[in-house]
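Report on the structure
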Amino acid sequence: MSRVYNFCSGPAALPEAVLKKAQAEMLDWHGAGVSVMEMSHRSTEFMSILASAKARLMRLLDISDDYEVLFVQGGASTLFAQIPANLTNGFDSACYLDTGAWSTKAIKEAKKYTKVNVVASSKEQNYTTVPAFADLELDESAAYLHVCPNETIGGLEFADLPETNLPIIADLSSTILSRKIDVSKYGMIYAGAQKNVGPAGVVICIIRKDLLARCSDSLPTVWNFANLAANDSMINTPPTFAIYLADLVFEWLEEQGGVEAIEAVNIAKAKVLYDFIDASDFYANPIDPAYRSRMNVPFTLADASLESLFLEESEAAGLRTLAGHRSVGGMRASIYNAMPMAGIEALIQFMREFENRHA
Ligand code: PMP
């Protein structure tokens, strides 16, 4: 068996210890005589897994009882529609901040349900920076303000939130659990699992309970956040194996010392990689240094004609999936919680050698 360093943006690398534990429990979960995939979602065994995943997430992010934790299906892309469908009821519009490709997709879906007020956009800067929050044209009578604090494709991240009385709804798909956040500042957080949480198939939603009153009975039953909360995410069969894996990842994260400890590692990992890129004339990162993502590090080569060779040779060196998103090209190293510092060091060593051979 030979595992490589996997820089995929998602589905992304999982902690090896988690995969091994899942492997050991695959045929017979805790004496049940079946795998988690084969047990009823209403069984006491699976109910205990669901409760454990929820409790661990609440501890890891210090989530208060004012919030519901939901496990939802359909990917974060479904939430782009499900959020305005649930939460604009009784309102004329919703505010969206546009900082890149994923904000843009969320805006496109929201327009199918409500009037969208794009409060600011960094599109003219090619999404290399974040608009100044002081300049946002916020309509305080809107349903909410939607933000995407880590743009996975662009490699742009911001930690602060705009000052507003509107509930802030954040797509944290590619940054959840990588840094400390104050959940009480958000109306709702959602995140597709397949980057920092587990396999694809489940979306983590953390929603302030008072917002559930907005969800209308006319919504499809399985789309209604209030129904999902009332039924503990089990209106129908939930993605049981994905929730089980998420629980194992949460357990692993607790063993690492929790979010604060992994954040320190993430800061160190991102710093060495950006420092290396900045010190080189051969590689470059286009993002405003104040807003560089700790999770997704895009970079270009001074000579773009070397890109395919870079990808071929890096793959052969055991550094997998370094190609940038198909919409932007270039390279991108996604370095979520499960990527160890040794993976960053191996990447830098390869980049240095490649530069020496081709500069
Ligand atoms: N939001 C962000 C920030 C993402 O990175 C992604 C996936 N890369 C999505 C939404 C869409 O997720 P999904 O493919 O699960 O619909």
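Residues numbered from 1 in each chain as written. Predicted model: local features only at pLDDT ≥ 70, side-chain atom pairs only at ≥ 80, totals over all residues.

An unreviewed UniProt entry annotates the chain as Phosphoserine aminotransferase originating from Marinomonas vulgaris. Per its UniProt entry, the chain bears the Subunit (unreviewed entry) comment "Homodimer." Per UniProt, the chain carries the Sequence similarities (unreviewed entry) text "Belongs to the class-V pyridoxal-phosphate-dependent aminotransferase family. SerC subfamily." (UniProt positions renumbered as here; feature names shortened; annotations may be inferred.)

A few words now on the sheet that holds strand β10 (residues 203-208). A sheet is described by the order of its strands in space; here 7 strands give the open sequence β2-β10-β9-β8-β5-β3-β4, paired in mixed fashion. Two strands lie at the open edges of the sheet, namely β2 (67-72) and β4 (115-121), each paired on one side alone. Ignoring strand direction, the axes of neighbouring strands in this sheet form an average angle of 20 degrees. Across 2 bridges, strand β3 (residues 93-98) lies against strand β5 (residues 145-147) in parallel orientation. Its bridge partner being in β5, Cys95 is matched across the sheet by Leu145. Packing of helix α3 (residues 75-87) onto the sheet brings it into contact with β2, β3, β8 (168-171), β9 (188-192) and β10, and relative to β9 it is tilted by some 155 degrees. (Pairing = 2+ DSSP bridges. Helix = DSSP H or I, 4+ residues; strand = E, 2+ residues; numbered from the N terminus. Axes fitted to C-alpha atoms, helices over the stretch in contact; angles between N-to-C directions. Contact = placed C-beta atoms within 7 Å.)

Moving on: the site of the ligand. All residues in the neighbourhood of the ligand are listed as Gly10, Gly75, Ala76, Ser77, Trp102, Cys148, Thr152, Asp171, Ser173, Ser174 and Gly192. Here the shell around the ligand takes 3 residues from α3, the largest share from any one element. Among the residues making up the shell around the ligand, the classes are represented as 3 nonpolar, 7 polar and 1 charged. (Near = placed C-beta within 6 Å. Nonpolar A, V, L, I, M, F, W, Y, C, P; charged D, E, K, R; others polar.)

A few words on the domain arrangement of the chain. When its domains are assigned, the chain resolves into domain 1 (17-255) and domain 2 (258-358). Computed over C-alpha atoms, the centres of domain 1 and domain 2 are 27 Å apart. Residue-level contacts link 23 residues of domain 1 with 23 residues of domain 2. Counting only elements with at least two residues in the side of domain 1 that touches domain 2, the list comes to β7 (156-157) and α6 (240-255). Tallied by class, residues from the side of domain 1 that touches domain 2 come to 9 nonpolar, 9 polar and 5 charged. (Domains from an automatic or database assignment.)

Another point: the sheet that holds strand β11 (residues 283-284). One open sheet holds the 3 strands; their spatial order is β11-β12-β14, and the pairing between them is antiparallel. Only two strands of the sheet have a single neighbouring strand rather than two, namely β11 and β14 (331-334). Note: strand β12 (residues 296-301) against β14, 4 bridges, orientation antiparallel. The residue of β14 that forms the bridge with Asn296 is Ser334.

We now examine helix α2 (residues 44-60). Over its 17 residues, α2 extends 24 Å from the first C-alpha to the last, a length consistent with the 24 Å expected when each residue adds 1.5 Å. What α2 keeps buried is the set Phe46, Ile49, Leu50, Ala53, Lys54 and Leu57. Projected onto a plane normal to the axis of α2, the buried residues spread over an arc of 125 degrees and lie on a single side. Facing away from the buried side of α2 by over 90 degrees, the exposed positions are Thr44, Ser48 and Ala51. Trailing α2 by a residue or two, Asp62 shows a phi angle of about 55 degrees, which is positive. (Expected span 1.5 Å × (residues − 1). Buried ≥ 20, exposed ≤ 12 C-beta atoms within 10 Å, placed from the backbone. Arc of directions from axis to C-beta.)

Here the focus is the packing of helix α1 (residues 16-24) against α6. Orientation of α1 relative to α6, taken along the N-to-C sense of each, is 135 degrees, at an axis distance of 9 Å. It follows from the interaxial angle that α1 and α6 lie oblique. Classified by chirality, the crossing of α6 by α1 is right-handed. Counted together, Ala17, Val18, Lys21 and Ala22 of α1 and Leu245, Leu248, Val249 and Trp252 of α6 form the full contact between these two elements. Counted by class, the contact of α1 with α6 contains 7 nonpolar, no polar and 1 charged residues. (Parallel < 35°, antiparallel > 145°, perpendicular 65-115°, else oblique. Left-handed = near helix turned anticlockwise from the far one by under 90°.)

Counting 94 residues, the largest nonpolar core has Val203, Ile204 and Ala246 as its most contacted members. If you tally residues by element for this core, the top one is α6, at 9 residues. Here this core spans two domains, and each of domain 1 (17-255) and domain 2 (258-358) adds at least three residues to it. Not counting chain neighbours up to four residues away, the residues in contact with Val203 comprise Val72, Gly74, Gly75, Ala76, Leu79, Tyr190, Ala191, Gly192 and Ala193. With 6 residues, the next largest nonpolar core counts Tyr127, Leu156, Ile287 and Tyr291 among its residues. (Core = buried A, V, L, I, M, F, W, Y, C linked by C-beta atoms within 7 Å.)

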